[in-house]
Amino acid sequence: MKNEIKLLDCTLRDGGYINDWEFGTSTILCVFDRLVNAGVDAIEIGFLDERRPYDPNRTIQPDTACYDKIFSGCDKGNAMVVAMIDYGTCGIEHIGPCEDSFIDGIRIIFKKPKMKAAIDFARQVKEKGYKVFLQMVSITSYSDRDILDLVDMVNEVEPYALSMVDTYGLMHKEEMFHYFHLLERNLKSTIGIGYHSHNNFQLGYSNEVEMLRKVKNRSVVVDGTMYGMGKSAGNAPLELLAMYLNENYDGHYVIDQILEVIEVNILPIYKEHYWGYSLLFFLAASNDCHPNYISYLLEKHTLSVKAINDIASSICKEKRLDFDKSYIEQLYTQYQQKTVSEGPGMEGLSRALSGRQILLLGPGTSLQTQEKIIEEYIEKDHPVIMSVNCIPQNIKPDYVFISNAKRFSQMYRAFSGLNGQCKIIATSNVSSVDKPFDFVLSYEDLRDENTVIEDNAFIMIRKALTMMKIGEVMLAGFDGYSAKGGNNYFDKYMDFKADYARLQQVNEAVKDKLAVMQHGICMNFLTKSLYKE
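For clarity, every value in this text was computed on a predicted model and none was experimentally measured.

Reading the values: rules and limits
Residues numbered from 1 in each chain as written. Predicted model: local features only at pLDDT ≥ 70, side-chain atom pairs only at ≥ 80, totals over all residues. Heavy atoms only, no water. Helix = DSSP H or I, 4+ residues; strand = E, 2+ residues; numbered from the N terminus. Buried < 20%, exposed > 50% of the residue type's maximum accessible area, 1.4 Å probe, protein only. Contact = heavy atoms within 4.5 Å. Areas by Shrake-Rupley, 256 points an atom, 1.4 Å probe, with all protein chains shown as cover. Lys, Arg positive; Asp, Glu negative; His and termini not counted. Charge placed at Lys NZ, Arg CZ, Asp CG, Glu CD. Phe/Tyr/Trp six-rings, centres within 6.5 Å; stacked < 30°, edge-to-face > 60°. Lys NZ or Arg CZ within 6 Å of the ring centre and 35° of its normal. Pairing = 2+ DSSP bridges. Axes fitted to C-alpha atoms, helices over the stretch in contact; angles between N-to-C directions. Salt bridge = Lys/Arg side-chain N within 4 Å of Asp/Glu carboxyl O. Left-handed = near helix turned anticlockwise from the far one by under 90°. Nonpolar A, V, L, I, M, F, W, Y, C, P; charged D, E, K, R; others polar. Expected span 1.5 Å × (residues − 1). Arc of directions from axis to C-beta.

### Regarding the overall build of the chain
Looking only at helices and strands, the chain features 21 helices and 16 strands. The principal-axis extents of the C-alpha atoms in the chain amount to approximately 90 × 45 × 45 Å. The proportion of buried residues among the 533 residues of the chain is 57%. For the chain, restricting intrachain contacts to residue pairs at least 6 apart in sequence, the fraction spanning at least 24 positions comes to 72%. For the chain, the exposed surface amounts to about 23500 Å²; the carbon and sulfur share of it is 48%. Counting 57 positive and 72 negative side-chain charges, the chain places the averaged centre of each group 4 Å from the other.

Structure below.
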């Protein structure tokens, strides 16, 4: 049997994760016609999902009849037209006979626990006359035994192709070869092998090229999207695959037609909704876990990359590829609660501060705009100066309080400018680098029960000072968070670009907490603050 390579474009389907499949009717038809003219062998026009209503501007439709309406009058040329079903989202009753449909083939994606039911469904789809593609979601979750069991069932149905789907871009070349050879040696020769890659490790294109070099006497389907458009880190770029096939396998693809679509239709979407390689998707892939776990941890803005890796690596195998928010919240809290046994704690710090007047410095812009007021106070009253998760540029602190591992990494170099004359107070979730911290306070003792401000540094140091029975504290630089577009920090590099709607919730939560905590310690604002009544 001669090798037969099919280049399949899934921009209108996989790319739809970026824009909720709302390309607009004109763009949908333009993209389709360009791909036909480019000579692409198979074009995936979207999802079949009975939960969605008919919308001619989208490439996700409830039944095959909707696509018949959208593409009415279009010339398929030599292209095979396919649609995808995520098994369980579209019943067989929503699929019309192939002979009456614009669609030639249906790709069925399924996770390992549903493989038997998905194959039974594929048999029904095939009986309606369609070419059937079976797509193994998250192939890295399959053991060799799982794959062999699946192949036995697939051989009975004899679909058009069985595809490896590297959903989270976890595979390196060696792993891909392992799965490919399992399929090649055990699938019937009449069944094609497909590969759908993602680009978390920047290997989507290269892995597909490597697979093509291993093919012998077998039809293969390689997936790509224009400009790599797709969820998470994106897909193998179709234009690169087409170019490679032209140069090495006598391909017939018209690259200019693909580039025209990229320039006119895809780049405007890219500029509005970025996809591609990123730290988030690298961390997800390197820890073999769902990207939402990493998103959750990054959005905390409290963790170093090392800490994120530590937490992600502790996710149990059964939970890795299916996001569980309550589970990752639990792991995050457990990590932050860990105790670091280094240096004296609350008791030692209490003795050091006893009877002293204290000035707390926050990271707000008022440290600069009201600098004269602060300098006059320091010159007059000679307080102990303690900065919170920051090191001011023109004021030398006696103590720095650190509750955020990311802030510690950010400030690390600045500590050298203090010439060892500043003592470090850290909560137990922050790890030191080269020498122990001067004081370590229990993160759990200072954590707030309100999840909006559970690790807010201002509230944590406020609690600590109350526990140490400090009677009065002056405050500067605790401005609160301004509206979107405003400056929240005296140093622009401290801004982690957090969700401004959430920051307004933080303002209110801090203000409410201070009202509750007003007894026991007197806190006077030296500079402007949104936390004032």
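That covers the picture; the talk isn't over yet.
### So, the packing of aromatic side chains
By the definition in use, this model includes 20 aromatic pairs. When the ring of Y270 is compared with that of Y274, the centres are 5.5 Å apart and the planes differ by 55°; the resulting orientation is tilted. Assessed through its relative accessible area of 52%, Y274 is described here as exposed. Judged by centre distance (5.3 Å) and plane angle (80°), the rings of F408 and F437 are edge-to-face. Note that F408 is positioned in helix α18 (residues 405–415) and F437 in the loop between β13 (423–427) and β14 (439–441), a separation of 29 residues in sequence. The residues F408 and F437 share a single accessibility class, namely buried. Among the aromatic residues, those joined into a cluster by ring pairs are F32, Y67, F71 and F102. One Lys or Arg, K69, reaches over the ring of Y54 and ends 4.1 Å from the middle of that ring.

### Description of the sheet that holds β14
The pairing of strands in a sheet happens through backbone hydrogen bonds and is either parallel or antiparallel. Taken in spatial order, the seven strands of this open sheet run β14-β13-β12-β11-β10-β15-β16, and their pairing is parallel. The sheet is open, and its two borders are formed by β14 and β16 (522–525), each paired with just one other strand. Across this sheet, the average inter-strand angle for adjacent strands is 25°, counted without regard to direction. The pairing of strand β11 (residues 384–388) with strand β12 (residues 399–402) spans three bridges and is classified as parallel.

### Details of the pattern of salt bridges
In total, this model carries 26 salt bridges according to the counting rule given. K6 is the salt-bridge partner of E4, the closest N and O atoms lying 3.4 Å from each other. Residue R447 is joined to E444 by a salt bridge in which the shortest nitrogen-to-oxygen separation is 3.2 Å. A relative accessible area of 33% places E444 in the partly exposed class. One salt-bridge network, in which partners are shared between bridges, spans R13, D14, E44, R107 and D223.

### Side note on the side chain of N207
As for its placement among the helices and strands, N207 is situated in helix α8 (residues 204–214). For N207, the contacting residues outside a window of four places in its chain are M171, H172, K173, M176 and Y195.

### Concerning the environment of C522
Summarising the element assignment, C522 is placed in strand β16. Sequence separation between C522 and Y54 is 468 residues; the distance between their C-alpha atoms is 62 Å. Leave out the neighbours within four places in its chain, and C522 touches G471, E472 and V473.

### A short note on the packing of helix α11 (residues 279–286) against helix α13 (residues 305–313)
Two elements in contact, α11 and α13, have axes separated by 10 Å at closest approach and are oriented at 35°. Crossing geometry of α11 relative to α13 is assigned as right-handed. Residues L279, L283 and S286 of α11 form the contact with α13, whose own contacting residues are V305, I308 and N309. Class assignment for the residues of the contact of α11 with α13 results in four nonpolar, two polar and no charged.

### Quick look at helix α6 (residues 144–157)
The end-to-end C-alpha separation of α6 is 20 Å, in line with the 20 Å expected for 14 residues at 1.5 Å each. For α6, the full list of buried residues reads D146, I147, L150, V151, V154, N155 and V157. When α6 is viewed along its axis, its buried side chains cluster within an angular range of 165° and face the same direction. In this fold, the buried residues of α6 make contact with β5 (105–110), α5 (115–127), β6 (131–136), β7 (161–165) and α7 (173–186). Of the residues flanking the end of α6, it is E158, one or two places downstream, whose phi is positive at about 55°.

### What to know about helix α14 (residues 325–337)
Compared with an ideal rise of 1.5 Å per residue, which puts 13 residues at 18 Å, α14 spans 18 Å between its outermost C-alpha atoms and is within 8% of the ideal. Listing the buried residues of α14 in full gives Y327, I328, L331, Y332, T333, Y335 and Q336. Where α14 is buried, its residues touch α12 (291–298), α13 and α19 (443–446).

Note that all results are geometric; they support no functional claim without further evidence.
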